[in-house]
Amino acid sequence: MFQNVVEKVVQEIKNLNNEYILKASQTELEDFYIDKVSIEPISLLIDELYIEEQTSVQIDVSNDSRRFIIPGRTALVPGTRLDVAVPYEGDPELWKIKPSCYTLSSYPEILVRKNEIVLSISFTDDLVNSLDLKSKINRDIELLANTIQNLRSDVENHNRGAPDRVKEALQLKRHQAETAVGAVAALEIPIKRRNKPLTFTVPTSRRKSPKSRPKVNTEVYKLEPTLDEAEYQHILEVMRGMSLVIERSPSSFSTLDEEAIRTHFLLQLNGHYEGNASGETFNASGKTDILIRVENRNIFIAECKFWCGAKAFNNAVNQLLGYLSWRDTKCALLIFNRTKDSSGVKQKMHDAMEGRSEYRKTVLYDPHKDSRYIFVKESDPGREIIITTQLYDIPTLS
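This text gives an overview of the structure that appears in the document. (Residues numbered from 1 in each chain as written. Predicted model: local features only at pLDDT ≥ 70, side-chain atom pairs only at ≥ 80, totals over all residues. Heavy atoms only, no water.)

## Looking at a nonpolar patch on the surface
Taken together, the side chains of Tyr102, Leu104 and Tyr107 make up a nonpolar region of the molecular surface, amounting to roughly 360 Å² of accessible area. Relative to the assigned elements, leucine 104 resides in the loop between strand S3 (76-89) and strand S4 (110-112). (Patch = residues over 30% accessible without salt bridge, like charges linked within 9 Å, V, L, I, M, F, W, Y side chains within 5 Å. Areas by Shrake-Rupley, 256 points an atom, 1.4 Å probe, with all protein chains shown as cover. Salt bridge = Lys/Arg side-chain N within 4 Å of Asp/Glu carboxyl O. Helix = DSSP H or I, 4+ residues; strand = E, 2+ residues; numbered from the N terminus.)

## Focus on helix H10 (residues 342-354)
With 13 residues, H10 should reach 18 Å at 1.5 Å per residue; the first-to-last C-alpha distance of 18 Å fits that figure. Taken residue by residue, H10 has Gly344, Val345, Lys346, Met349, His350, Ala352 and Met353 as its buried positions. Its buried side turned inward, H10 meets helix H9 (310-323), strand S11 (330-337), strand S12 (359-364), strand S13 (371-376) and strand S14 (384-393). (Expected span 1.5 Å × (residues − 1). Buried < 20%, exposed > 50% of the residue type's maximum accessible area, 1.4 Å probe, protein only. Contact = heavy atoms within 4.5 Å.)

## Some remarks on the pattern of salt bridges
All told, the structure shown has 19 salt bridges when counted by the stated rule. Put simply, arginine 174 and glutamate 178 hold a salt bridge, and the shortest N to O gap is 3.7 Å. Residue arginine 174 and its partner glutamate 178 are located together in helix H4 (residues 130-186), separated by 4 residues, close to a single helical turn. We classify arginine 174 as partly exposed; its relative accessible area is 22%.

## Some details on helix H8 (residues 258-270)
The terminal C-alpha atoms of H8, which comprises 13 residues, lie 18 Å apart, in line with the 18 Å expected from a rise of 1.5 Å per residue. Taken as a whole, H8 has its buried residues at Ile261, Arg262, Phe265, Leu266 and Leu269. Viewed along the axis of H8, the buried residues span an arc of 150°, placing them on a single side of the element. (Arc of directions from axis to C-beta.)

This is the structure we're talking about:
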C-alpha cells in the first residue's frame, strides 16, 4: 500500500505540464506532493470510548461446557450485545493493513468508520459477570492498540523516506521540462499562444484536508537570469563581515543613522563588485537601500532598518517586497539593533516572518546567525522569493 501511494504521486508528477512545473514554486510543489504521500498514523483515543448501543439478542450456547446440552441440538438463551465505539485519529485505510511485526493471536472483529471503530461484545444474561466483561473489552482494545503501535513504526519509516522520492521526481521532471523548453527556444520559431490560461485539475486526495496544487501565472515561461547560490552566499558573507568592523570600532557607529551605516556596507560590497553596489536606487515600485546591478540587471536587493518593534519590522518586509521586480528573487533584510536583547529581537523577527501570508518555508533559523525564508506573493504565484534576515548589534553611547 505504501509503495502504491508513492508510485501514484510520482506518476502524477511525470504527467505535469512542462510550463506548469517550470512556473510553479518548487517549495509549494514539494509541500503539496509530500503532503499527498504522507500517511497519518492511527492513534486510538481509548479514554473517549463509549457504549454506542445495547441490544437484546439470542445467543447460541450449544458449545458452552458450563451447561448441559444434548449433543447435536441448538440451544439459544437470552443475551445482550454491546457495541463499544472507540474514537481514533489517522488514516482509516491503515485498518486494512497487517503491520510488518504482528502477533499470532486472533484479532477482534471491528466495524471501521471514518473517525471511530466499533467492537461488538455479546454475553448471556444469566451468567454475566461485569469484571469478566470489562476484562474482555480491555483485552480486545489492548490487542488493537499494540497492533496500531507496531503499524506506527511502518508508517514513520514510510514518512521518512517518501519525501525524498517526491523531491527526486520533481527534480527529474523539472530538468526534463527545462531541456524541452530550451530545445524549442533554440528553434527560434515564433510561438502563437492561446489567450485562455492553462487549467489543471486537482486530483482527489486521500487526506481529509488536501492542499491545493500551487498556482502559477499565465504568462509564457521564459528562462530568466538568476543569482547563483554561491554568489548569494558570498554577498551575505561580505555583509556579515561588517559585524567585526562594528565590534572593533564601536564609537564610530554609536551615533550613525541608517544611511551612514548603510554606506559602510556599500564600501565593503563595492570592493567585491567593482562599484556596482548602490544605495537608494530606484527599482520597481520604490527605493531600496542596497542594490547590486550586473550588466543592467538587479541581482541582489537589501533593505536596512533599525529595530523599532514587530510592526515596523513588518513594514520593512512590505517595503522590501514592494521593491522586487520579476528578476529579483534573492534579497536580504538587515536589521540594526540598539537594544540589549538580541535573542528576543531575533525571535520576534522569526515569528513575524513565519506569520506573514507570503511565508512558505523556513530554510534556516539560527538564533545567533542569519535566518533564511522562502516567500511567494499572491500577486506573483509560482515565483519564489528568498529572504535572508541579518541582525547587527549597534553600540550605544555610554
